[in-house]
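Chains, contacts and geometry: an overview
Read off the chains here:
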Amino acid sequence: MSVLLILAVASFVLALFYCVLFLRNLSLYVPPPAYTEPRVPAAVSVLIPARNEEAAIRAAVEAALRSKGVQVEVIVLDDGSEDGTAAIVRSMGAADSRVRLETARALPPGWCGKQFACSTLSELATHQTLCFVD
């Protein structure tokens, strides 16, 4: 046998091996399920801890209110703001019943401010799905 014939047979056997391997794997392949829209929760509580956020609070609340396909409530916890944060949220709440302003209680011993604010907000929420915005 010539060297070229041996190389041709070896190449054929190797190609056949990978062909058989491909066909075997193809038989095991399961296509992914058809794409469906992600399930959106029916209701979401958007929770915003705020301290001296006068410059950004209106945009944050308005962005949350633009949520589509979901019932939303926006709760802003004013944590001792010294600017117009509370007044802005109060006026937004007067115009839209989905917006609520709450005032933070005094910080208990052993708590940090942000964690206590988030814990308080979670207790105030009326929906099961919570979305914290900071």
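Quick note: structure is the one above.
Residues numbered from 1 in each chain as written. Predicted model: local features only at pLDDT ≥ 70, side-chain atom pairs only at ≥ 80, totals over all residues. Heavy atoms only, no water.

What about the sheet that holds strand β3 (residues 99-103)?
The four strands are arranged β3-β2-β1-β4 in an open sheet whose pairing can be described as parallel. Each of the sheet's edge strands pairs with one partner strand only, and the pair in question is β3 and β4 (129-132). Averaged over all neighbouring strand pairs, the angle between strand axes comes to 25°, with direction disregarded. One ladder, built from eight bridges, connects strand β1 (residues 43-50) with strand β2 (residues 71-78); its direction is parallel. Residue A43 lies in a different strand from β2, and its bridge partner there is Q71. (Pairing = 2+ DSSP bridges. Helix = DSSP H or I, 4+ residues; strand = E, 2+ residues; numbered from the N terminus. Axes fitted to C-alpha atoms, helices over the stretch in contact; angles between N-to-C directions.)

Focus: unusual backbone geometry
Unusually for a residue other than glycine, N52 sits at a positive phi of about 55°. Structurally, N52 can be placed in the loop between β1 and α2 (57-65). On the basis of relative accessibility, which here comes to 36%, the residue N52 falls in the partly exposed class. (Buried < 20%, exposed > 50% of the residue type's maximum accessible area, 1.4 Å probe, protein only.)

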